[in-house]
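Notes for the structure review
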Amino acid sequence: MNLTSDNRTAIAPEILEGISRANIGSADAYGADSLTTGLKDKFSEIFEREVWWYPVSTGTAANALCIGQATPSSGATLCHETSHLYAEECGAAELFSGAPMIPIGGEMGKIAIDQLSSVIGNSAIRPTVLSITQPTEFGTVYALDELAALSSMAQDAGLRVHIDGARFSNALVHLDCSPAEATWRCGVDLMAFGATKNGAMCAEAVIIFNPSLVDGIDDNLKRSGHLFSKARFMSAQFAAYLENDLWLKLAANANRMARRLARRLDEFDSMKLAFPVQVNEVFVQMPRMLAQNLHDIGIELEGFAELEIYRFVTSHATTSVQIDDVCNDRIAPIVALFEQVRLS
């Protein structure tokens with residue numbers, strides 16, 4: 001059973017079926033097909049205002065294109081020091097925008113508003129965009145008032161606001177609010193809207209709420225290699241993903257399974273939950289040797305080994321039976337043996 005990453009999970013059956021339906025006959029190329037053009041209305045309906053959407057293949061591409069639209073090369077991008085944008089994407093946003101990134105600290109993966117204020121007021125380079133990861137790299141979710149406060153401070157200083165929403169669906173389920181309330185009504189200008197981690201094959205999107213940021217993106221899509229000739233297959237994934245709120249149902253299962261897993265792991269004396277479990281990621285503090293023992297039996301764990309904090313990830317396809325089986329049959333015997341050895 002995979003508890004390492006939701007990127008490893010199979011495609012949701014409904015999305016795979018959507019791809020198959022799109023594979024009948026021919027269709028206009030380069031995004032002129034009816035599926036791609038029709039999704040503008042669908043996304044606008046979901047977000048309760050006119051939006052502009054552009055399919056891309058990876059979250060890194062979505063983030064880099066967003067930042068490229070939101071800042072000139074003379075500006076700078078502010079983001080959390082643990083954000084994927086800053087720590088994991090090899091400077092893609094810098095490459096595409098020409099603008100450097102300035103990391104900001106804050107507990108539980110969230111940007112601290114006092115630190116944001118300090119950086120805005122004292123940076124040698126003029127900040128021009130604030131990037132917020134929702135949910136954070138620690139699986140925590142910004143509440144709506146937190147998001148609004150950060151956005152308000154940024155906009156008062158003339159910054160655009162971007163959301164890295166690779167797991168936005170999971171955050172939205174936790175917040176139990178509308179997509180509009182969690183984005184543009186809180187002051188968000190544009191976002192990377194993820195689907196791959198939540199059941200798609202290969203589908204991410206740039207969503208733009210602020211019409212002033214649309215100009216030039218068609219050229220940037222071409223320059224970045226994300227103007228797809230057979231865009232209908234990318235769009236087919238989103239059409240199925242959004243139909244009948246499938247995206248929220250899949251995320252709800254992933255979140256629910258994470259809470260179940262957290263309760264089971266918290267039963268072990270050698271494990272302690274490191275952060276609140278709000279989406280489909282469970283961060284557990286445990287001795288490094290125990291993590292290695294679990295790795296040796298095939299339970300691979302990522303996270304922050306230097307802090308002895310490790311991540312378990314559930315997905316749209318995870319079941320309660322799987323959670324109970326892996327805890328009872330695989331994790332429990334290893335933990336018992338580890339604790340026996342440690343106490344002997």
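First things first, this report covers the structure right here in the doc. (Residues numbered from 1 in each chain as written. Predicted model: local features only at pLDDT ≥ 70, side-chain atom pairs only at ≥ 80, totals over all residues. Heavy atoms only, no water.)

Along the backbone of the chain there are 13 helices and 11 strands. The C-alpha atoms of the chain give 21 Å as radius of gyration, which agrees with the globular expectation for 344 residues (20 Å, within 12%). For the C-alpha atoms alone, the extent of the chain along its principal axes is close to 65 × 55 × 30 Å. Counting over 344 residues, the chain shows a buried share of 53%. Considering only contacts in the chain between residues 6 or more positions apart, those separated by 24 or more positions represent 74%. Here the chain has roughly 14700 Å² of accessible surface; of this, 50% comes from carbon and sulfur atoms. Once the 26 positive and 42 negative side-chain charges of the chain are each reduced to a mean point, those two points are 3 Å apart. (Helix = DSSP H or I, 4+ residues; strand = E, 2+ residues; numbered from the N terminus. Rg over C-alpha atoms; globule rule 2.2 N^0.38 Å. Buried < 20%, exposed > 50% of the residue type's maximum accessible area, 1.4 Å probe, protein only. Contact = heavy atoms within 4.5 Å. Areas by Shrake-Rupley, 256 points an atom, 1.4 Å probe, with all protein chains shown as cover. Lys, Arg positive; Asp, Glu negative; His and termini not counted. Charge placed at Lys NZ, Arg CZ, Asp CG, Glu CD.)

So, on to the side chain of His162. You can see His162 is positioned in strand E5 (residues 160-165). On the basis of relative accessibility, which here comes to 0%, the residue His162 falls in the buried class. Side-chain polar atoms of His162 contact the side chain of Ser131, separated by 2.8 Å. In contact with His162, other than residues within four places in its own chain, are Asn63, Cys66, Ile67, Val129, Leu130, Ser131, Ile132, Leu190, Met191 and Ala192. (Polar contact = N/O pair within 3.5 Å; in protein donor to acceptor, adjacent residues only side chain to side chain.)

Here we take up the packing of helix H8 (residues 168-175) against helix H11 (residues 246-265). Running from N to C, H8 and H11 cross one another at 75°; their axes reach a closest spacing of 8 Å. Accordingly, the angle class assigned to the pair H8 and H11 is roughly perpendicular. Mapping the contact onto sequence places Phe168, Ser169, Asn170, Leu172, Val173 and His174 in H8 and Trp247, Leu248, Ala251, Ala252, Ala254 and Asn255 in H11. Residues belonging to the contact of H8 with H11 are distributed by class as follows: 8 nonpolar, 4 polar and no charged. (Axes fitted to C-alpha atoms, helices over the stretch in contact; angles between N-to-C directions. Parallel < 35°, antiparallel > 145°, perpendicular 65-115°, else oblique. Nonpolar A, V, L, I, M, F, W, Y, C, P; charged D, E, K, R; others polar.)

This part takes up the sheet that holds strand E8 (residues 272-273). Through backbone hydrogen bonds, the strands of a sheet pair up, either in parallel or in antiparallel fashion. If you trace the 4 strands from one edge of the open sheet to the other, you get E8-E9-E11-E10, paired in antiparallel fashion. On the outer flanks of this sheet lie E8 and strand E10 (302-304), each paired with one strand and no other. Here E8 pairs with strand E9 (residues 281-285) via 2 bridges, running antiparallel. Note on E9: the bridge partner recorded for Leu273 is Val284. Packed onto the sheet, H11 meets E8, E9 and strand E11 (309-313) and runs at close to 15° relative to E9. (Pairing = 2+ DSSP bridges.)

Opposite charge on two side chains allows them to pair when their charged atoms are near. Applying the stated rule across the entire model yields 13 salt bridges. One salt bridge in this structure joins Glu48 and Arg185, with 3.1 Å as the shortest N-O distance. Of this pair, Glu48 sits in the loop between helix H2 (34-47) and strand E1 (52-56) while Arg185 sits in the loop between H8 and strand E6 (190-194), and the two are 137 residues apart along the sequence. Glu48 gets classed as partly exposed once you look at its relative accessible area, which sits at 42%. Salt bridges linked by common partners bring Asp6, Arg167, Glu281, Glu302 and Arg311 together as one network. (Salt bridge = Lys/Arg side-chain N within 4 Å of Asp/Glu carboxyl O.)

Backbone torsion omega between Gln134 and Pro135 reads 0°, so that peptide bond is classified as cis. Within the secondary structure, Pro135 is located in the loop between strand E4 (127-133) and helix H7 (144-156). Notably, Cys90 is not glycine yet its phi reads approximately 55°, a positive angle. Along the polypeptide, Cys90 turns up in the loop between helix H4 (84-87) and helix H5 (92-97).

Spatial ordering of the open sheet is given by E1-E7-E6-E5-E4-E2-E3, a layout of 7 strands whose pairing is mixed. One side of each edge strand has no neighbouring strand; the edge strands of this open sheet are E1 and strand E3 (101-104). Strand after strand, the sheet turns through a mean of 20° between neighbouring axes, direction not considered. Strand direction decides the pairing type here: strand E2 (residues 76-80) and E4, joined by 3 bridges, are parallel. If you follow Leu78 over to E4, its bridge partner there is Leu130. In the packing of helix H3 (residues 59-70) onto the sheet, the strands contacted are E1, E2, E4, E5, E6 and strand E7 (204-208), and the crossing angle to E6 comes to about 175°. Contacts from helix H6 (residues 113-122) reach E2, E3 and E4 within the one sheet, and its direction differs from that of E3 by about 145°.

By size, the foremost hydrophobic cluster in this structure holds 46 residues, and its most contacted members are Phe43, Phe47, Leu130, Phe193, Ile207, Phe238 and Tyr241. It is helix H10 (residues 231-242) that contributes the most residues to this core, 5 residues altogether. With residues near it in sequence (within four places) discarded, Ile207 still touches Phe43, Phe47, Val51, Trp52, Trp53, Leu190, Met191 and Phe193. Membership of the second largest hydrophobic core comes to 26 residues, among which are Ala262, Phe268, Tyr310 and Ile323. (Core = buried A, V, L, I, M, F, W, Y, C linked by side-chain atoms within 4.5 Å.)

This next bit is on the pairing of E5. Most of E5 sits out of view: 5 of its 6 residues are buried. Pairing analysis gives 5 bridges linking E4 to E5, with the strands arranged parallel. Counterpart to Thr133 in the pairing with E5 is Asp164. For the handedness criterion, the β-α-β arrangement of E4, H7 and E5 is classed as right-handed. Direction of pairing for E5 relative to E6: parallel, over a ladder of 4 bridges. Each bridged residue has a counterpart across the sheet, and for Asp164 the counterpart in E6 is Ala192. Crossover connection from E5 via H8 to parallel E6: handedness right-handed. (Right-handed = clockwise from strand over helix to strand, strands pointing away.)

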